Amino acid sequence: MAFASFSEFLAMGGHAPYVWSAWGVTALLLVATVWHARVEQRQLLNGIKRRARRANSLRGNAQ
Amino acid sequence: MDAPSVPLLEHQGGLMIAVKATLVRDLTLLLRRRGEVLNPLVFFALVITLFPIAISPDPELLATIAPGLLWVAALLAALLSLDSLFRSDYDDGSLEQLLLAPQPLAALSVAKVAVHWLLAGLPLALMAPLLGIMLALPAGSYAVLALSLALGTASLSLIGAIGAALTVGLARGGVLLSLLVLPLYIPVLIFGAGAVQAAILGDGVSAHLAILGALLAASLMLAPWAIAASLRISING
Amino acid sequence: MWAFIHKLGSPKWFYGISAKLQPWFWAAAVLLLVTGSLWGLAFAPADYQQGNSFRIIYVHVPAAFLAQSIFISMAVSGLVFMVWKIKVADMAAAVMAPLGAAMTFVALFSGAVWGVPTWGTWWMWDARLTSMLILLFLYLGVIALRGAFTSRDSASRAASVLAMVGVINIPIIKYSVDWWYTLHQPASFTLTSRPTMPTEMWLPLVIMVLGFYSFFIALTLMRTRSEILRRESSKRWVQELVNGQVVNAQAEETR
């Protein structure tokens, strides 16, 4: 452990704004890409399902 | 098709003729539209005029930044004329004829790029010393400036032609072209401006010129294939 | 061999196999990134010269590595697509480009932030930062070119050619920028060229680099699957795959 206490860990020996902003932006970007990929996947699957359901119901009405 | 050796011979004999024909045709066409040849030169002079006005007329200051300014302005002027490299041929359909020709497209596109360099790169290189005087470029670096520009713009034309070929089918390819091509120009810019800088400082310039020559050789070897592939994509797409 | 390549090229096969592989890479990514972050942030010793600002290395260097590797894998995918006409390769290349640009941005941002305590300025024309900036422009060019075409096939082939041209140029750009930098800034302090780094400092760095690579592979698999769904949504196997789910869902609702 390089720090004696948690507040010292947060202070980063006076370099807190630099260390935490660099790490924060990186973490934010990684999380955002995963979130975007999940939303994209869900939207695509839902779109295909919706189209299939509509096709099914059309077929059902025709019968 | 029953005698494969005859078309092959015709093929090889036809290559030089086709390259020469492309050279002559493009030269004639460009020389008829004199504005297109002169515009980059006027642009070059204009941009160089802007810098003393924007920064300072102080000759000492101008002399320190002159190599970089001249090189960047020449590079932008060469870039300006790139968009028209394949544009008119694309519009009137003669580019398609070029694609259909039995001769390898890479060789024919080198001929087109050579004409572009002759009428865009070389005049810029010859004009640069004149503008160098206006920027108080120190004596002893004028020949190196012209030589480095002549060598460098040849690479720039070859690399730029890849971008021009990729964007020729797009309606508004102009800005995109510069976005694609400018990052690839950076090595040429570094060694070109470096050569002039070295000449001013009295260092040897042969290393810089040799690297510029090596860059030219590398782009002469690789770029034609990329240009040909890009032209095929733009035409068939 | 050919059968294998064709199998690999089939979007359906890739969709199946990537579903099996994906969880492993996600798990590895989370495990490595959490371990590396804790170690790098809290346990690695502070640098004797830079103090705790040195901990930025644990995001800067992996992002810079990944930014370069993604461009290379994008060009390789482009080559595979051009030579063997394997569509999955192009789909992977298409989803790699934005992630590569994001990683280049992370490397630039963390480098700029690191510059404040180290050089006392947000931006320095340091060799590494300059070549990263050029790499960002190359990424933006590939993304813009792909977006400019209306026909998907032309867009794919044009982006592949540009990625290959770019990847040939990257080493040339890198060396010329290094040369330019040493010429103009002779004895200045570069961020990460440290000859000796103690084990407890570089081990978390290795873990972070591996974590970033696992993340890249997992995300590329996931987004390539989405890209397959987007481009093949009218294909029979996609319809069957999703239709089966729809039928099940309706059965659930009626029960």
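An unreviewed UniProt entry lists chain C under the name Heme exporter protein C, with Vreelandella glaciei given as the organism. Here chain C is described in UniProt, under the heading Sequence similarities (unreviewed entry), as follows: "Belongs to the CcmC/CycZ/HelC family." Check the Function (unreviewed entry) section of the UniProt entry for chain C; it says "Required for the export of heme to the periplasm for the biogenesis of c-type cytochromes."

In the nomenclature of an unreviewed UniProt entry, chain A is known as Heme exporter protein D of Vreelandella glaciei. Taken verbatim from the UniProt record of chain A, the Subcellular location (unreviewed entry) comment is "Cell inner membrane".

1. Some points on the packing of helix 2 (residues 34-54) of chain B against helix 3 (residues 59-80) of chain B
Residue and element names in this part refer to chain B. At a minimum axis separation of 9 Å, helix 2 and helix 3 run at an interaxial angle of 150 degrees. In this structure, the crossing between helix 2 and helix 3 has a hand that is right-handed. For the pair helix 2 and helix 3, the contacting residues are Pro40, Phe43, Phe44, Val47, Ile48, Phe51 and Pro52 in the first and Leu62, Leu69, Leu70, Ala73, Ala74, Leu76, Ala77 and Leu80 in the second. Class assignment for the residues of the contact of helix 2 with helix 3 results in 15 nonpolar, no polar and no charged.

2. Here's the deal with the packing of helix 6 (residues 105-134) of chain B against helix 7 (residues 142-167) of chain B
The relative placement of two packed helices comes down to the angle between their axes together with the axis-to-axis distance. Residue and element names in this part refer to chain B. For the pair helix 6 and helix 7, the least separation of the axes is 8 Å and the interaxial angle reads 150 degrees. Judged on the interaxial angle alone, helix 7 and helix 6 are roughly antiparallel. You can see that helix 6 and helix 7 cross each other, and the crossing is right-handed. Contact residues: helix 6 offers Val113, His116, Trp117, Gly121, Leu122, Leu124, Ala125, Ala128, Pro129, Gly132 and Ile133, while helix 7 offers Tyr142, Leu145, Ala146, Leu149, Ala150, Thr153, Ala154, Ser157, Leu158 and Ala161. Looking at the contact of helix 6 with helix 7 residue by residue, the classes come out as 16 nonpolar, 5 polar and no charged.

3. Points about the environment of serine 160 of chain C
Residues and elements named next belong to chain C. When you line up the elements, serine 160 lands in helix 6 (residues 152-184). In the structure, serine 160 is positioned 79 residues away from phenylalanine 81 in sequence and 7.7 Å away in space, judged by C-alpha atoms. When neighbours within four sequence positions are excluded, serine 160 is seen to be in contact with Gly78, Phe81, Met82 and Asp90. In this structure the side chain of serine 160 is engaged in a polar contact, spanning 2.7 Å, whose partner is the backbone oxygen of serine 156.

Calculation notes
Residues numbered from 1 in each chain as written. Chains lettered and ligands numbered in written order. Predicted model: local features only at pLDDT ≥ 70, side-chain atom pairs only at ≥ 80, totals over all residues. Heavy atoms only, no water. UniProt positions renumbered as here; feature names shortened; annotations may be inferred. Axes fitted to C-alpha atoms, helices over the stretch in contact; angles between N-to-C directions. Helix = DSSP H or I, 4+ residues; strand = E, 2+ residues; numbered from the N terminus. Left-handed = near helix turned anticlockwise from the far one by under 90°. Contact = heavy atoms within 4.5 Å. Nonpolar A, V, L, I, M, F, W, Y, C, P; charged D, E, K, R; others polar. Parallel < 35°, antiparallel > 145°, perpendicular 65-115°, else oblique. Polar contact = N/O pair within 3.5 Å; in protein donor to acceptor, adjacent residues only side chain to side chain.

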